[in-house]
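# Notes for the structure review
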Amino acid sequence: MKRTALAAIALAASAIILFAIACGACGGSGGPSGNGANLLENPGAEQNASGFVGHGGATVSQDTTTAGEGAASVKVIIPDAQGAGVQVWKADGVTMTAVSAGSEYELSADVKGDAGKTARLEILWHSAAGAFLVTTLGEVFFLPVDGFQRFTLTAEAPEGAGLAVPQIVTDVAPGGPLTVWVDDVRFVQTSGSDTPAPSPSP
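Here is what the cut-offs are and how they apply
Here the residue index of a chain counts from 1 through its sequence in written order. Per-residue local features are limited, in this predicted model, to residues with pLDDT of at least 70; the limit for side-chain atom pairs, both in listing and counting, is 80 or more; totals at the level of whole chains, interfaces and linings are taken over all residues. Where side-chain values are given, they derive from all heavy atoms of the structure, hydrogens and water being excluded. A run of H or I in DSSP becomes a helix once it reaches four residues, and a run of E becomes a strand once it reaches two; helices and strands are each numbered from the N terminus. Any pair of residues with heavy atoms lying within 4.5 Å of one another is described as a contacting pair. Where accessible areas are quoted, they stem from the Shrake-Rupley method and a 1.4 Å probe; at the residue level, only the protein chains shown are allowed to cover. Here a strand pair is declared whenever DSSP counts at least two bridges between the two strands. Interaxial angles span 0 to 180 degrees and are taken between N-to-C directions of axes, which are lines fitted to C-alpha atoms, for helices over the stretch in contact. In protein, a polar contact requires one atom able to donate a hydrogen and another able to accept it; more generally it is a pair of N or O atoms within 3.5 Å, and residues adjacent in sequence count only if both atoms are side-chain atoms. Each salt bridge in this description consists of a side-chain nitrogen of Lys or Arg and a carboxyl oxygen of Asp or Glu lying within 4 Å of one another. Summary of the burial criterion: residues with accessible area below 20% of their type's maximum are buried, those above 50% are exposed, and those between are partly exposed, where the area comes from a 1.4 Å probe applied to protein chains only. Per residue, pLDDT measures the predictor's confidence, with a range of 0 to 100. Note on terminology: a nonpolar core comprises buried Ala, Val, Leu, Ile, Met, Phe, Trp, Tyr and Cys residues joined through side-chain atoms within 4.5 Å. The sign given to each residue is positive for Lys and Arg and negative for Asp and Glu; His and the chain ends receive no count.

## Comments concerning the overall build of the chain
The helix and strand inventory of the chain stands at one helix and 12 strands. Across the chain, helices and strands are ordered from the amino to the carboxyl terminus as α-β-β-β-β-β-β-β-β-β-β-β-β. Looking at the chain alone, contacts between residues at least 24 apart form 78% of all its contacts between residues at least 6 apart. As displayed, the chain has an accessible area near 10500 Å², and 56% of this comes from carbon and sulfur atoms.

Below you can see the structure in the form of C-alpha cells.
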C-alpha cells in the first residue's frame, strides 16, 4: 500500500514539474508578448530629440529638467489646434518604422502636461511605398499635471501596411498654447510575422 501511494505521489510530482517547464514562458500581465524589442531608435531623447517631429505647428526639443525615465524627455509646445503634437520617426526624422500587415503592435509612452487638456495616442499606417492608409485612434485621456503617466494603444497593422508613424496629439483644440512632455516611447510588435515589409528607397 505504501509503495503504491509513494508511486502515485512521485507520478503527480513529475506531472507538476513537466507542467512548470512547459509553461515557463507563459507569463502574465505586465509586459508585451513577443520579443518586446522597441522599433523606435530614440525612445527617451537621452542625447537629443532626433526622430521626434512636431506636427500641426508644434515644436519639439530635448528637456533635461524633467523625465519619466533616465535624465531627459521631449518637450512639445503645442499651439491652440486640434490634432497637433509630436510624431516619432526613425532618428533621421524622415524614415518611417517598418511593420508587417496583420501583426499586432503596442504603442506606449510616459506623458504629462502643464494643463489637464485631452490628448491621445495614434498610429498612422502607410503602405511599403509610403502611401497613407488609415489612422488607428487611441482612447482620449486627460494629460496628468502632477507627473508622468503611461498610456498604451494596441492595434493590428491593416492589410497593405508596411510602414507606420506613432504620434501623440491633442484631441481637441486646447484653448491656448499647451506644453506636453513625452518620454520612454515604445513601439513594439507583440504578435505576427517577424519580417516587416522593406522601407521604400529614398
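## Let's talk about the sheet that holds strand 2 (residues 59-63)
Taken in spatial order, the five strands make up an open sheet running 2-3-12-6-10, and their pairing is antiparallel. What marks the edges here is a single partner per strand, and that holds for strand 2 and strand 10 (149-156). Strand-to-strand twist in this sheet, taken as the mean axis angle between neighbours without regard to direction, amounts to 30°. The sheet contact formed by strand 6 (residues 104-113) and strand 10 spans eight bridges and is antiparallel. Across the sheet, residue A109 finds its bridge partner in strand 10, namely F151.

## Comments concerning the side chain of S108
Topologically, S108 is positioned in strand 6. Separated by 2.8 Å, the side chains of S108 and R150 make a polar contact. Those residues in contact with S108 that sit more than four places away from it in its chain are L121, R150, F151, T152, D184, V185 and R186.

## Observations concerning the pattern of salt bridges
Pairing is possible between side chains that carry opposite charge, provided their charged atoms lie close to one another. Evaluation of the coordinates by the stated rule reveals four salt bridges. Here D110 and R150 are joined by a salt bridge, their closest N and O atoms 2.8 Å apart. Of this pair, D110 sits in strand 6 while R150 sits in strand 10, and the two are 40 residues apart along the sequence. For D110, a relative accessible area of 9% translates into the label buried. The exposure class assigned to R150 is partly exposed, which follows from its relative accessible area of 32%. Residue R150 is joined to D184 by a salt bridge in which the shortest nitrogen-to-oxygen separation is 3.6 Å. A residue pair is termed long-range when its members are at least 10 positions apart, and R150 in strand 10 and D184 in strand 12 (residues 178-191) qualify at 34 residues. Of the residues examined, D184 reaches a relative accessible area of 22% and is grouped as partly exposed. Through salt bridges with shared partners, a single ionic network connects D110, R150 and D184.

## What to know about the confidence of the model for the chain
Averaged over the chain, the pLDDT score is 84; the fraction of residues at 70 or greater is 78%. Counted against residues more than four places away or in other chains, residues 1-34, with its pLDDT under 50, gives seven contacts.

## As for the nonpolar core
Among the nonpolar cores identified, the biggest contains 33 residues, and W125 and F187 are the most heavily contacted of them. Of all the elements in the fold, those that place two or more residues in this core are strand 3 (73-78), strand 4 (85-88), strand 6, strand 7 (118-126), strand 10, strand 11 (163-170) and strand 12. Ranked by the residues each element gives to this core, the list is headed by strand 12, at five residues. With six residues, the next largest nonpolar core counts M96, A98, L124 and L163 among its residues.

## Topic: the side chain of D183
With respect to the helices and strands, D183 occurs in strand 12. No salt bridge is formed by the buried D183. Its closest oppositely charged neighbour is R150, at 7.6 Å. For D183, the side chain forms a polar contact with the main-chain nitrogen of E69, separated by 2.8 Å. The residues contacting D183, other than those within four sequence positions of it, are P43, G44, A67, G68, E69, A72, S73, A109, D110, F148 and R150.

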